[in-house]
Amino acid sequence: MVWLPIVICLAAFALVIGPVMLMQPTPSQRREASLRKAAEGMGLRVQILPINTPLGKQTSHLGVCYSFAWPSVKSMPDTWELIQKKYVHDIHAFGDWDWNIKPNFDVPKDIESRLKELSPKVYAVICTPQFLGCFWSELGTSDEVFEIGEWLKSAAIMLGKKTDA
């Protein structure tokens, strides 16, 4: 009978500590938070946005977009999207990249070589009047966040625009 109070105390302790432990972030949530914090330190915005036809799928889903804001909304009047396809084909605009939304202006000639510099985990590039961004899987490291940020800065320069960062 001496063990009964000990067992009751342990059960009560488990009932208090159990829910607290369930509220702790998982290792993948901690990793994503550290990637997003690194992006924030570079001046990138992290947004969850809808993206159409990623990697050849014919559906829309939400994706994680790391982006730089334009200094003013009038800086980039056109919207365009490039989506990475599953394979290289002549009908695609740039090897395994193709337009999801084509721009109304002439695309800079070196954009194809610039796309090859991107991390393979980036599956879409989007430009809107508000921002220039990359959708990616967030399965990388903070070094890849840095590479994406640098790519976005240089792409903005290539497009003739400055970022807020």
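Worth saying up front: this structure is predicted, and the values here are computed from it rather than measured.

**Digging into the overall build of the chain**
Right, so step 1: Along its length, the chain carries 4 helices and 6 strands.
Right, so step 2: Traced from its N-terminal end to its C-terminal end, the chain shows the element sequence α-α-β-β-β-β-α-β-β-α.
Right, so step 3: Across the 165 residues of the chain, 39% fall into the buried class.
Right, so step 4: When the accessible surface of the chain is totalled, it reaches about 10,100 Å², and 62% of it is carbon and sulfur.

**A look at helix H4 (residues 142-158)**
Right, so step 1: Its 17 residues give H4 an end-to-end C-alpha distance of 24 Å, which sits within 8% of 24 Å, the value for a rise of 1.5 Å per residue.
Right, so step 2: Those residues of H4 not exposed but buried are Glu144, Val145, Ile148, Gly149, Trp151, Leu152, Ala155, Ala156 and Met158.

**Side note on the nonpolar core**
As a rule of thumb, soluble globular proteins bury nonpolar side chains together.
Right, so step 1: Tyr66, Trp80, Leu82, Leu115, Val125 and Leu132 are the most contacted members of the largest nonpolar core, which has 30 residues in total.
Right, so step 2: Contributions of two or more residues to this core are made by helix H2 (27-41), strand E2 (60-69), strand E3 (80-84), strand E4 (97-101), helix H3 (111-116), strand E5 (122-127), strand E6 (131-136) and H4.
Right, so step 3: Looking at this core element by element, the count peaks at 7 residues for H4.

**Some words on the environment of lysine 102**
Right, so step 1: Examined against the element boundaries, lysine 102 turns out to sit in the loop between E4 and H3.
Right, so step 2: The spacing of lysine 102 and glutamate 81 is 21 residues in sequence and 6.7 Å in space, taken between C-alpha atoms.
Right, so step 3: With residues near it in sequence (within four places) discarded, lysine 102 still touches Thr79 and Trp80.

**A closer look at the pairing of E5**
Right, so step 1: In terms of burial, E5 is a largely internal element, 6 of the 6 residues being buried.
Right, so step 2: Here E3 runs beside E5; their pairing, made up of 4 bridges, is antiparallel. Across the sheet, residue isoleucine 83 finds its bridge partner in E5, namely alanine 124.
Right, so step 3: Where E5 meets E6, 5 bridges bridge the pair, whose relative direction is antiparallel. Looking at E6, one finds that valine 122 is bridged to tryptophan 136.

**Let's talk about the packing of aromatic side chains**
Right, so step 1: Under the counting rule described, the total for this entry stands at 2 aromatic pairs.
Right, so step 2: Here the aromatic rings of tyrosine 66 and tryptophan 136 are separated by 5.5 Å at their centres, their planes lie at 80°, and the arrangement is edge-to-face. Placement of the pair is tyrosine 66 in strand E2 and tryptophan 136 in strand E6, with a sequence separation of 70 residues. For the pair shown, tyrosine 66 and tryptophan 136 are each scored as buried.

About the criteria used
Residues numbered from 1 in each chain as written. Predicted model: local features only at pLDDT ≥ 70, side-chain atom pairs only at ≥ 80, totals over all residues. Heavy atoms only, no water. Helix = DSSP H or I, 4+ residues; strand = E, 2+ residues; numbered from the N terminus. Buried < 20%, exposed > 50% of the residue type's maximum accessible area, 1.4 Å probe, protein only. Areas by Shrake-Rupley, 256 points an atom, 1.4 Å probe, with all protein chains shown as cover. Expected span 1.5 Å × (residues − 1). Core = buried A, V, L, I, M, F, W, Y, C linked by side-chain atoms within 4.5 Å. Contact = heavy atoms within 4.5 Å. Pairing = 2+ DSSP bridges. Phe/Tyr/Trp six-rings, centres within 6.5 Å; stacked < 30°, edge-to-face > 60°.

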